[in-house]
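What follows is the residue order along each chain.
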Amino acid sequence: MLPDILVLGGGISGLASALRLQQEGLRVTIVERNQTGRESSWAGGGILSPLLPWHYTEPVNQLCDASGRQYGEWLAALREDAETDPEFWPCGMRILPAADHTVTMPDQTACGSIHRIEQQNNTLLMPDIAQARNSRLIRTLREAVLKRGIQLIEGSGDVRLVADQNRITHAVSATEQYQAGHYLITAGAWSNQPASFAPTSRKIEPVRGQMLLFYQPGLLNEILFSAGTYLIPRRDGHILAGSTLEYVGFDKSTTATAFNQLLAQATSMLPALAGSPVIQHWSGLRPGSPDNIPTISRHPSIQNLSMNAGHFRYGVTMAPAAAELITDLLLGRQSSLDATAYQWISPPDTANSRT
Ligand SMILES: Cc1cc2nc3c(=O)[nH]c(=O)nc-3n(C[C@H](O)[C@H](O)[C@H](O)COP(=O)(O)OP(=O)(O)OC[C@H]3O[C@@H](n4cnc5c(N)ncnc54)[C@H](O)[C@@H]3O)c2cc1C
């Protein structure tokens, strides 16, 4: 029997969407060109909040807050069908002043955030901010997907969609054809590629982020943030330092410049890190979008095409709420979230082209 939904892309957006859709009784297949969760969803830091919520607009905070309210419970429910512990940890985040500056309390009414903020000496503490360990979170989701009977096709190579008039007829890779009732694009930074004939007016583009990894147990037990850089402790003593924001296309190489900058920032924020070796240096491509606002929407005219992509810096944070919203939209039911800002709007000159 044909699946009801074919999900294109097995990062956190695809896995979370598939799980939520299947919970509603839909038959779901995920097709991932490589390995599940090895792109941005693996590379990120796993902080479950916008870094400084008062820097973001309501559509970003709405999704992050809706996710934040359910994250712990969402993971606990997944753990019923998964062995891997995603290491959910409400460790809090402390904002340090940039050099020679004082930190000032933000106007909390402008925050639109569920998080408490306390001023402590010359720092701001957000004690409720939590984290999950990306690499493990992806494994948790993958295990739950398989346990719940969702079909997961990995290693397909690039899949693209074929349309006839206002319908997608099928999806193709170099060797296979896939058919379903509906097609959901969750391909992260590559989300404009499977249906290049149906672009979004809010461009999704890769934004490279580089990270460093240290190992020094007992040194840090809260996230530190200062002047764009964060340090994230893991429970086992690893510490991540990140991250760069680079518009370099689909180039995932790491650079000596970023290494040196991140190392200098990390050791100025936490001097006791000086002398700790960097044990890993990697990069990932975020699905960048204007103002960090994702596209979570049905296509305006192609009836059986939707997208849940472009979560930029906060796709791990937004995953449960974004999955719930796309499910509501596909089932045609009222959502508790205002979906207006996430709509798929076609640029005027492409509305009629289907190749
Ligand atoms: C350095 C860094 C730090 C970050 N820190 C955080 C953080 O602290 N908190 C947070 O919330 N977010 C963070 N993020 C952002 C977060 O990781 C992303 O927003 C999120 O992972 C996006 O998930 P995704 O599933 O949409 O995309 P991806 O994880 O990139 O997954 C997309 C998948 O689609 C597949 N695919 C692509 N094209 C095709 C195709 N044609 N056919 C089939 N499959 C295809 C890819 O192989 C990939 O597996 C960070 C990102 C980076 C890079």
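Conventions and cut-offs
Residues numbered from 1 in each chain as written. Predicted model: local features only at pLDDT ≥ 70, side-chain atom pairs only at ≥ 80, totals over all residues. Heavy atoms only, no water. Helix = DSSP H or I, 4+ residues; strand = E, 2+ residues; numbered from the N terminus. Rg over C-alpha atoms; globule rule 2.2 N^0.38 Å. Buried < 20%, exposed > 50% of the residue type's maximum accessible area, 1.4 Å probe, protein only. Areas by Shrake-Rupley, 256 points an atom, 1.4 Å probe, with all protein chains shown as cover. Lys, Arg positive; Asp, Glu negative; His and termini not counted. Charge placed at Lys NZ, Arg CZ, Asp CG, Glu CD. Domains from an automatic or database assignment. Contact = heavy atoms within 4.5 Å. Buried area = accessible area lost by both parts, 1.4 Å probe. Salt bridge = Lys/Arg side-chain N within 4 Å of Asp/Glu carboxyl O. Polar contact = N/O pair within 3.5 Å; in protein donor to acceptor, adjacent residues only side chain to side chain. Core = buried A, V, L, I, M, F, W, Y, C linked by side-chain atoms within 4.5 Å. Near = heavy atom within 4 Å. Nonpolar A, V, L, I, M, F, W, Y, C, P; charged D, E, K, R; others polar.

Student: Looking at this structure, how should I read the overall build of the protein chain?
Tutor: Helix and strand counts for the protein chain stand at six helices and 17 strands. Taken against the 2.2 N^0.38 rule, which gives 20 Å for 355 residues, the C-alpha radius of gyration of the protein chain at 20 Å falls within 12% of a compact globule. Considering only C-alpha atoms, the protein chain reaches an extent of 60 × 40 × 40 Å along its principal axes. Looking at the protein chain residue by residue over its 355 residues, the buried ones come to 55%. With an accessible surface of roughly 15000 Å², the protein chain has 48% of that area assigned to carbon and sulfur atoms. Computing the positive centroid from 27 side-chain charges and the negative centroid from 31, the protein chain places the two 3 Å apart.

Student: Any chance you could explain the domain arrangement of the protein chain here in plain terms?
Tutor: Buried accessible area, meaning the area lost when the parts come together, often serves as the stated size of an interface. Taken as a whole, the protein chain is organised into domain 1 (5–76 + 134–203 + 290–345) and domain 2 (90–130 + 205–288). For domain 1 versus domain 2, the distance between C-alpha centres works out to 26 Å. Counting residues at the interface gives 28 residues for domain 1 and 36 residues for domain 2. With both chains or domains summed, domain 1 and domain 2 bury close to 2800 Å², and 64% of this area falls on carbon and sulfur atoms. The interface formed by domain 1 and domain 2 contains two salt bridges. Counting across the interface, domain 1 meets domain 2 through six residue pairs in polar contact (both at pLDDT 80 or more). Put simply, the parts of the chain that give the side of domain 1 that touches domain 2 at least two residues each are helix 2 (40–43) and helix 3 (58–79).

Student: I tried to follow the nonpolar core on my own but got confused; where do I start?
Tutor: Ranked by size, the top nonpolar core spans 66 residues in total, and within it Tyr 71 and Leu 141 carry the most contacts. With nine residues, helix 6 (residues 315–331) is the single largest residue contributor to this core. Each of domain 1 (5–76 + 134–203 + 290–345) and domain 2 (90–130 + 205–288) accounts for three or more of the residues forming this core. Apart from residues lying up to four places away in sequence, Leu 141 is in contact with Ile 12, Leu 15, Leu 19, Trp 74 and Leu 78. Formed by 25 residues, the second largest nonpolar core is a distinct cluster that contains Ala 187, Trp 190, Ile 302 and Ala 309.

Student: Is there a simple way to think about the environment of Ala 319 in this case?
Tutor: Relative to the elements of secondary structure, Ala 319 occurs in helix 6. Residue classification places Ala 319 among the buried positions, given a relative accessible area of 5%. A C-alpha to C-alpha distance of 9.5 Å links Ala 319 and Asn 308, two positions eleven residues apart in sequence. Ignoring sequence-local partners within four residues, the contact set of Ala 319 consists of Ile 12, Ala 16, Ser 67, Tyr 71 and Trp 74.

Student: Explain unusual backbone geometry here, please?
Tutor: Comment: phi is negative for the bulk of residues other than glycine, and the bulk of peptide bonds are trans. The omega torsion of the bond from Gly 242 to Ser 243 falls at -15°, within 30 degrees of zero and hence cis. For Ala 227, which is not glycine, the phi torsion reads 45° and is therefore positive. Secondary-structure assignment places Ala 227 in the loop between strand 12 (223–226) and strand 13 (229–233). On the basis of relative accessible area, Ala 227 is assigned to the exposed category, the value being 62%. Of note in this structure, Asp 291 is not a glycine but carries a positive phi near 60°.

Student: Would you explain the site of the ligand in this entry?
Tutor: Surveying the vicinity of the ligand reveals 36 residues, the closest of which are Ser 13, Glu 32, Ser 41, Phe 312 and Thr 317. Within the contact set of the ligand, an oxygen atom lies 2.5 Å away from a side-chain nitrogen or oxygen of Ser 41. The separation between a nitrogen atom of the ligand and a polar main-chain atom of Val 159 is 3.0 Å. If the ligand stood free it would expose 1000 Å²; the protein chains cover 99% of that surface. Residues belonging to the shell around the ligand are distributed by class as follows: 14 nonpolar, 16 polar and six charged. Split by domain, the shell around the ligand shows at least three residues from each of two domains, domain 1 (5–76 + 134–203 + 290–345) and domain 2 (90–130 + 205–288).

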